[in-house]
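Structural features, examined
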Amino acid sequence: MNDHTVKAYDDELRELRAIVSRMGGLAEDQLVGAMEALNEFDTDKAGQVRASDQALDQLEIDAEKAAIVVFARRAPVADDLREVVSSLKMTGLIERMGDYAKNIAKRTLAISEMGPVAIPQILDQMAREARKMIQDVMDAYVHRNANLAMEVWERDEVLDNLHNSAYRTILGRMMESPEKIGVLTHFLMIAKNLERIGDQATNVAEQVYYTINGVMLEEARRPKHDVTSTELVTDD
Amino acid sequence: MTDTKIAKMTAKDVHVFYGDNHAVKGISLDLHQDEVTALIGPSGCGKSTFLRCLNRMNDTVATCRVEGKITLDNEDIYDPSIDVVQLRARVGMVFQKPNPFPKSIYDNVAYGPRIHGLAQSRTDLDEIVTVSLEKAGLWNEVKDRLDSPGTALSGGQQQRLCIARAIAVNPEVILMDEPCSALDPIATAKVEALIDELKGRYAIAIVTHSMQQAARVSQKTAFFHMGDLVEHGDTTDIFTSPKEERTRDYITGRFG
Ligand SMILES: Nc1ncnc2c1ncn2[C@@H]1O[C@H](COP(=O)(O)OP(=O)(O)OP(=O)(O)O)[C@@H](O)[C@H]1O
Ligand SMILES: [Mg+2]
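Note that the structure is a prediction, hence the values are computed from the model and not measured.

**Quick look at the overall build of chain A**
Check the secondary structure of chain A and you find six helices and zero strands. In chain A, the order of α-helices and β-strands from amino to carboxyl end is α-α-α-α-α-α. Here the C-alpha atoms of chain A give a radius of gyration of 19 Å, agreeing with the 18 Å that 2.2 N^0.38 yields for 236 residues. Within chain A, the fraction of its 236 residues that count as buried is 50%.

What follows is the structure, encoded as structure tokens:
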């Protein structure tokens, strides 16, 4: 796309884009950090993840300020308008990803106090899938690749399926060892958190797609195979 | 654009030449009652030229040649049997620079109805003047000084006086060529509010260089570039997701 005649306008949009990209990178780091802390029962690392969440909150505020400046000064229309509005929504979604990572870290601290326990392998698998979604959707954003955004959106199903398996696996273990129900509930919630991170990435993909093409990525929700969402107690 | 509604005015494959200069290149566009159409595009792209074809203002330009078909209620306005004075009463025009006659406020508005014989009596004429000034949102500001010269009003008031003058002859279509370019934001807002008010009764076309004004006042937007109609559609679509790259570049400020 051509540059704006007014260079400062491009600078303002670039700044906004830079914030969104940084947030995507940070959210990914937070997810990786939270999973490492969990696997290693590393309470220091979990504490760091909890503290680092603030940076995402701050960046979201920065993005909001930058977007308001663009609205006030440039009265954006067309592609610019879609981009600014989507940026606002995307930063909200990415900030939520951070919240889920933080919640995993918080549960890790609790789990660490409960004594040794085997971590369900499938959680790692879910985290890898979720991380790939974040990476790819941010890649789609930076390179304005609508096809990749669409692909990420479709891939959410993989994570949903993994979540269903995780749910069944953990539930099975709860029945085998009722005395471990406390710690296993944390795993259940961590699985849910990971699945929610994937949902946020899917929503980001919708925004990226809309920004690029100006049409909503298929309003109609694809059939969900997720059986757990109605059965699970809500996250705290 | 195919519309299910019946168009008030229809332009079909309109070409305009000034001597060898091909200023408008085959434009087809409908104007509907109940609807404001904004004409946007860079300077010299033919907006004013096209607009002036719609009430044959170009007839006065010796070098100007108009081809194609323009109809008002399905009647060809370039047909030899058409009375051009009558046509301009039905298709009124408001210009960039407010141009009240050097006469009283009253006479500015009464002028058209008088020459078209729309009033049977002084009472009739008073009524037309009052109603026109009311519709133009100017009545309260001038009712106590109808005898003072129209030129003594502020720019924004003068522009609304010109709108009152245009609507005094019961037009069906109103053409506005950058009507707010000389007005401050308050006067602009008043004219825009007026356009909203008027749109139920008239088909309106407005040329504007303000993207925000086009977005605010119109339901349809037509983007002209170098004599071509590049894109024409719902204003909300044009300003959120234009289909053509040239439209996007122009409205987002990426041109040239
Ligand atoms: N009276 C005229 N005689 C000769 N050429 C004219 C005349 N009026 C306009 N033109 C030419 O026709 C072309 C279109 O001009 P027009 O005034 O319609 O553009 P416009 O889109 O209204 O521009 P602006 O936004 O500057 O008002 C230009 O090349 C212009 O020079
Ligand atoms: Mg003009």
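Following the structure, the description resumes.
**Overview of the layout of surface pockets**
Considered as a void within the structure, the largest pocket measures approximately 410 Å³ in volume. Taken together, 18 residues line the largest pocket, and the ones lying closest to its centre are R88(B), A89(B), M93(B), Y111(B) and R165(B). Those elements that place two or more of their residues in the lining of the largest pocket are α2 (84-90), β6 (91-94), α3 (105-115) and α6 (155-167) of chain B. For the lining of the largest pocket, a count of residues per class yields eleven nonpolar, five polar and two charged. Taken as a whole, the second largest pocket holds about 270 Å³ of empty space. Elements with a contribution of two residues or more to the lining of the second largest pocket: α1 (7-39), α4 (121-142) and α6 (181-213) of chain A.

**Here we look at the pattern of salt bridges**
Opposite charge on two side chains makes pairing possible when the charged atoms of those side chains draw close. Taken as a whole, this structure holds 31 salt bridges over all chains when the rule is applied. Here R131(A) makes a salt bridge to E28(A), at a shortest N to O gap of 2.9 Å. Of the two residues, R131(A) sits in helix α4 while E28(A) sits in helix α1, which places them 103 residues apart along the sequence. Owing to a relative accessible area of 14%, E28(A) belongs among the buried residues under this scheme. Here K8(B) ties to D73(B) by a salt bridge, and the two come within 3.0 Å at their closest N and O atoms. Highlighted residues: K8(B) in the segment before β1 (9-18) and D73(B) in the loop between β4 (64-72) and β5 (75-76), separated in sequence by 65 residues. Owing to a relative accessible area of 38%, D73(B) belongs among the partly exposed residues under this scheme.

**Quick word on the interface of chain B and chain A**
Counting residues at the interface gives 14 residues for chain B, matched by 14 residues for chain A. Approximately 1,100 Å² of surface area, both sides summed, lies buried where chain B meets chain A, with 46% of it carried by carbon and sulfur atoms. Our count for the contact surface shared by chain B and chain A stands at two salt bridges. Note that D80(A) is salt-bridged to R254(B), the shortest N-O span being 2.9 Å. In this structure, the connection of chain B to chain A is made through ten residue pairs in polar contact (both at pLDDT 80 or more).

**Some thoughts on the sheet that holds strand β10 (residues 228-234) of chain B**
Residues and elements named next belong to chain B. Read from one edge of the open sheet, six strands run β6-β7-β8-β3-β9-β10, paired in mixed fashion. At either margin of the open sheet sits one strand with a lone partner, and together these are β6 and β10. Ignoring which end each strand starts from, the neighbouring axes of this sheet average 15 degrees apart. The sheet contact formed by strand β9 (residues 220-225) and β10 spans six bridges and is antiparallel. By the bridge assignment, F223 is partnered in β10 with E231.

**Considering the site of ligand 1**
Residues and elements named next belong to chain B. Lining the immediate surroundings of ligand 1 are 14 residues, of which S43, K47, S48, T49 and H209 lie closest. In this structure, a nitrogen atom belonging to ligand 1 sits 3.4 Å away from a side-chain N or O atom of Y18. Note that an oxygen atom of ligand 1 is positioned 2.8 Å from one of the backbone N or O atoms of G44. Out of a free accessible area of 630 Å², ligand 1 has 65% covered by protein chains. Residue assignment for the shell around ligand 1 shows that the elements contributing at least two residues are β2 (21-31) and α1 (47-53).

**Considering the confidence of the model for chain B**
Averaged over all residues, the pLDDT of chain B equals 94, while 98% of them reach at least 70. The complex prediction reports pTM at 0.87, with the ipTM value standing at 0.83.

**Some remarks on helix α2 (residues 43-74) of chain A**
Residues and elements named next belong to chain A. The terminal C-alpha atoms of α2, which comprises 32 residues, lie 47 Å apart, in line with the 46 Å expected from a rise of 1.5 Å per residue. If you check which residues of α2 are buried, you get A46, V49, D53, L56, L59, A63, A66, A67 and V70. At its buried positions, α2 is contacted by α1 and α3 (78-112). Where α2 starts, the residue carrying a side-chain oxygen 3.0 Å from the main-chain nitrogen of D44 turns out to be D42.

**Quick word on the sheet that holds β2(B)**
Residue and element names in this part refer to chain B. Taken in spatial order, the four strands make up an open sheet running β2-β1-β4-β5, and their pairing is antiparallel. Every interior strand has two partners, whereas the edge strands, β2 and β5, have only one. Pairing between β1 and β4: eight bridges, direction antiparallel. Within the sheet, the bridge partner assigned to M9 lies in β4 and is L72.

**Overview of the pairing of β4(B)**
With two bridges connecting them, β4(B) and β5(B) associate as antiparallel partners. Pairing of T71(B) across the sheet is with D76(B), part of β5(B).

**Digging into unusual backbone geometry**
Residue and element names in this part refer to chain B. Backbone geometry places N74, a non-glycine residue, at a positive phi of 70 degrees. Structurally, the position occupied by N74 is in the loop between β4 and β5. Judged by its relative accessible area of 70%, N74 is exposed. One non-glycine residue, N170, lies in positive phi territory at about 55 degrees. Within the element layout of this structure, N170 appears in the loop between α6 and β7 (173-177). What makes N170 exposed here is its relative accessible area of 55%.

Rules of the game
- Residues numbered from 1 in each chain as written.
- Chains lettered and ligands numbered in written order.
- Predicted model: local features only at pLDDT ≥ 70, side-chain atom pairs only at ≥ 80, totals over all residues.
- Heavy atoms only, no water.
- Helix = DSSP H or I, 4+ residues; strand = E, 2+ residues; numbered from the N terminus.
- Rg over C-alpha atoms; globule rule 2.2 N^0.38 Å.
- Buried < 20%, exposed > 50% of the residue type's maximum accessible area, 1.4 Å probe, protein only.
- 1 Å grid on protein atoms, 1.4 Å probe; cavity = no way out; pocket = protein on both sides within 12 Å on 5 of 7 lines; lining within 4 Å.
- Points joined across faces, edges and corners; volume = space filled by probe spheres on them.
- Nonpolar A, V, L, I, M, F, W, Y, C, P; charged D, E, K, R; others polar.
- Salt bridge = Lys/Arg side-chain N within 4 Å of Asp/Glu carboxyl O.
- Contact = heavy atoms within 4.5 Å.
- Buried area = accessible area lost by both parts, 1.4 Å probe.
- Polar contact = N/O pair within 3.5 Å; in protein donor to acceptor, adjacent residues only side chain to side chain.
- Pairing = 2+ DSSP bridges.
- Axes fitted to C-alpha atoms, helices over the stretch in contact; angles between N-to-C directions.
- Near = heavy atom within 4 Å.
- Areas by Shrake-Rupley, 256 points an atom, 1.4 Å probe, with all protein chains shown as cover.
- pLDDT = per-residue confidence, 0-100.
- Expected span 1.5 Å × (residues − 1).

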